[in-house]
Amino acid sequence: MMHMTFYWGIKATILFDFWKTDSWLSYILTLVACFAFAAFYQYLEKRRVQFKSLSSTRHPNPPPRAGVSAPLIPKSGTRSAAKAASVLLFGVNAAIGYLLMLAVMSFNGGVFIAIVVGLTVGYLVFRSDDDGADVAAENPCACA
């Protein structure tokens, strides 16, 4: 039976039926893995913000042309490698964020604390400088 309220204990099922903890060793390893994935989420977000700022400053938009000489269809080669990396990292980061959310929904108190502390430490280590404060404000979803 799945828990629907927070509980404290070493027996938990995280994300998949095969990821079950039944001993202190498996529970501690699960908490370390949740902590590491949460910190990795913040690292990937930092990299995505860096790629996004690189792609936006690298290729400024030319001024629009008017009249007959203006192209009807913009050139398809305007996407840079940095923009493609930013898009790819967004998808991977969104998937990791939703997996972290589902792990918290196991309602195990230790898993919840490990993920929150991992996100906090990851933010402190990777994103505590104020470079991307304006970029993070554009997305209100915590998982994406």
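The name an unreviewed UniProt entry gives the chain is Copper transport protein, with Brassica oleracea var. oleracea as the organism. The Sequence similarities (unreviewed entry) field of the UniProt record for the chain holds the comment "Belongs to the copper transporter (Ctr) (TC 1.A.56) family. SLC31A subfamily."

All right, on to the overall build of the chain then. A count of helices and strands for the chain gives four helices and two strands. Walking the chain from its N terminus toward its C terminus, one meets helices and strands in the order β-β-α-α-α-α. Counting all 144 residues of the chain, 31% fall into the buried class. In the chain, the proportion of contacts linking residues at least 24 apart, taken out of those at least 6 apart, comes to 79%.

Counted by the stated rule, this structure contains two salt bridges. In this structure, Glu45 and Arg48 form a salt bridge, with 2.7 Å as the shortest nitrogen-oxygen distance. Taken together, the residues Glu45 and Arg48, both in helix H1 (residues 24-58) and three residues apart, mark about one turn of the helix. Taking relative accessible area as the criterion, Glu45 reaches 6% and is therefore assigned buried. Put simply, Asp129 and Lys46 hold a salt bridge, and the shortest N to O gap is 3.0 Å. Here the residue Asp129 occupies a position in the loop between helix H3 (109-126) and helix H4 (133-136), and Lys46 occupies one in helix H1, the gap between them amounting to 83 residues. Judged by relative accessible area, Asp129 falls into the partly exposed class, the value being 35%. By relative accessible area, which is 17% here, Lys46 ends up buried.

A surface patch of nonpolar side chains, about 930 Å² in accessible area, is lined by Phe6, Trp8, Phe35, Phe112, Ile113, Val116, Val117, Val121, Leu124 and Val125. For the nonpolar patch, the element with the most residues is H3, which contributes seven residues. Of note, Leu124 is situated in helix H3. On the basis of relative accessible area, Leu124 is assigned to the exposed category, the value being 58%.

It is worth spelling out the UniProt feature "transmembrane region" (unreviewed entry) in the chain at this point. This chain's UniProt record puts "transmembrane region" (unreviewed entry) on residues 24-44, 81-101 and 107-126. Segment residues 24-44 splits into 100% helix and 0% strand. End C-alpha atoms: 30 Å apart. Secondary structure content for residues 81-101 is 100% helix and 0% strand, and the end C-alpha separation is 30 Å.

Our next topic: the nonpolar core. Ranked by size, the top nonpolar core spans 17 residues in total, and within it Leu100, Val111 and Ile115 carry the most contacts. Ranked by residue count, the leading element in this core is H1, at six residues. Apart from the residues within four sequence positions on either side, Ile115 is in contact with Cys34, Ala38, Leu100, Ala103 and Val104.

Turning our attention to the environment of Gly97. Looking at where Gly97 falls in the secondary structure, it is placed in helix H2 (residues 81-104). With 60 residues separating them along the chain, Gly97 and Phe37 place their C-alpha atoms 9.2 Å apart.

Reading the values: the criteria
- Residues numbered from 1 in each chain as written.
- Predicted model: local features only at pLDDT ≥ 70, side-chain atom pairs only at ≥ 80, totals over all residues.
- Heavy atoms only, no water.
- UniProt positions renumbered as here; feature names shortened; annotations may be inferred.
- Helix = DSSP H or I, 4+ residues; strand = E, 2+ residues; numbered from the N terminus.
- Buried < 20%, exposed > 50% of the residue type's maximum accessible area, 1.4 Å probe, protein only.
- Contact = heavy atoms within 4.5 Å.
- Salt bridge = Lys/Arg side-chain N within 4 Å of Asp/Glu carboxyl O.
- Patch = residues over 30% accessible without salt bridge, like charges linked within 9 Å, V, L, I, M, F, W, Y side chains within 5 Å.
- Areas by Shrake-Rupley, 256 points an atom, 1.4 Å probe, with all protein chains shown as cover.
- Core = buried A, V, L, I, M, F, W, Y, C linked by side-chain atoms within 4.5 Å.

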